[in-house]
Amino acid sequence: MYKSSGELQKLTLIDQITFPLFILWIIGLFLVTFRRDIDFLWKVTFLFIFVFYFFQFYPDFMKGYERLMKNYPAEVVQWIFGIGKASYYFLLIVWPVSLIRMFYSGSESLSRTLIIVLITSTMIFWIIFFFWSKYEAEIDAFLYGPFTRLISI
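Presented here is a report on the structure given in the accompanying data block.

On to the packing of helix H2 (residues 40-56) against helix H3 (residues 58-70). One can describe the packing of H2 onto H3 by two numbers: an axis separation of 4 Å at closest approach and a directional angle of 70°. The angle between the axes of H2 and H3 places the two elements in the roughly perpendicular class. Across the interface between the two elements, Phe54, Phe55 and Gln56 of H2 pack against Tyr58, Pro59 and Phe61 of H3. Here the contact of H2 with H3 is composed, by residue class, of five nonpolar, one polar and no charged.

What follows is the structure in structure tokens.
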């Protein structure tokens, strides 16, 4: 919800993360094109998948762009909240899939690496969530106050 500019607007998770997610995807596609060890066919496939999703979420992307141009400090704050929600759902989906993947994995080192990454990312998320839930009012006051003023300069 926008707290600055006097208007309150409820945004869904898709509304919050579509624009920054596609910007990250564009950066990732750009970087992957310079990898020499990835075949050209895979690069074209990555681009095709991106284009498919971009056209599917184009209206949401444009709404995010319009909100960004209209009031970018409030939109950046919404991205921060959206990243937290998306991380929660991402971990919820990745854990069971990863456990099944670990069972069928032929590589012990890959399974150990996956275990370390999953547990570390989950613990970091839980710590951040604990502090956010304990200091929610202070964090909101900072994000909608000094942080918004800082990035609007």
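Still more ground to cover, so stick around.
Phe19, Phe22, Leu29, Phe50, Phe54, Phe61, Leu68 and Trp79 form the largest nonpolar core, which has eight residues in total. With three residues, helix H1 (residues 13-32) is the single largest residue contributor to this core. If we skip the residues at most four places from it in the chain, phenylalanine 54 touches Phe22 and Phe61. Counting five residues, the second-largest nonpolar core is a separate cluster that includes Val77, Phe81, Tyr144 and Phe147.

With that settled, the discussion passes to the pattern of salt bridges. Per the counting criterion, the structure on display carries three salt bridges. Arginine 35 serves as the salt-bridge partner of aspartate 37, at 2.4 Å between the closest nitrogen and oxygen. According to the relative accessible area criterion, arginine 35 is partly exposed, its value standing at 42%. Among the salt bridges present, the one from arginine 112 reaches glutamate 108, with a minimum N-O distance of 2.4 Å. With arginine 112 and glutamate 108 both in helix H5 (residues 108-134) and four residues apart, this pair spans about one turn of that helix. Of the two residues, arginine 112 and glutamate 108, neither departs from the other in class, the shared state being exposed.

Remark: the empty space left among the atoms is shown by a probe the size of a water molecule rolled over them. Size it by volume and the largest pocket reaches roughly 780 Å³. If you trace the largest pocket, you find 28 residues lining it, with Phe81, Gly84, Lys85, Phe129 and Trp132 closest to the centre. The set of elements that each furnish at least two residues to the lining of the largest pocket consists of helix H4 (72-104), H5 and helix H6 (136-151). A total of 11 residues in the lining of the largest pocket trace back to one element, the largest contributor, which is H4. Of the residues that constitute the lining of the largest pocket, the class distribution is 18 nonpolar, five polar and five charged. The space that makes up the second largest pocket amounts to roughly 200 Å³. In terms of lining residues, the second largest pocket is bounded by Ile17, Pro20, Leu21, Leu24, Ile83, Ala86, Ser87 and Phe90.

Parameters and conventions
- Here, residues in each chain are numbered from 1, in the same order as that chain's written sequence.
- The predicted origin of the model limits local features to residues at a pLDDT of at least 70 and limits the giving and counting of side-chain atom pairs to 80 or more, whereas totals for whole chains, interfaces and linings rest on all residues.
- Think of the side-chain values as coming from all heavy atoms in the structure, minus any hydrogens and water.
- Orientation is described by lines fitted to C-alpha atoms, with helices fitted over the stretch in contact, and by angles between N-to-C directions that extend from 0 to 180 degrees.
- Strands are runs of DSSP state E lasting at least 2 residues, helices are runs of H or I lasting at least 4, and numbering of each runs from the N terminus.
- Roughly parallel here means an angle under 35 degrees, roughly antiparallel means over 145, roughly perpendicular means 65 to 115, and every remaining angle is called oblique.
- It only takes one pair of heavy atoms within 4.5 Å for two residues to be counted as in contact.
- In the scheme used here, Gly and all other residues not listed as nonpolar or charged are polar, with Ala, Val, Leu, Ile, Met, Phe, Trp, Tyr, Cys and Pro taken as nonpolar and Asp, Glu, Lys and Arg as charged.
- Here, the term nonpolar core denotes a set of buried Ala, Val, Leu, Ile, Met, Phe, Trp, Tyr and Cys residues that are joined through side-chain atoms within 4.5 Å.
- Each residue gets one of three labels from its accessible area relative to the maximum for its type: buried under 20%, exposed over 50%, partly exposed in between, using a 1.4 Å probe on protein chains only.
- By convention in these notes, a salt bridge is any Lys or Arg side-chain nitrogen within 4 Å of a carboxyl oxygen on Asp or Glu.
- Cavities and pockets are found on a 1 Å grid laid over the protein atoms alone: a cavity is a set of points where a 1.4 Å probe fits but cannot escape, a pocket is an open set with protein on both sides within 12 Å along at least five of seven lines, and a lining residue has an atom within 4 Å of such a point.
- Grid points are joined across faces, edges and corners, and a volume is the space filled by probe spheres set on the points.

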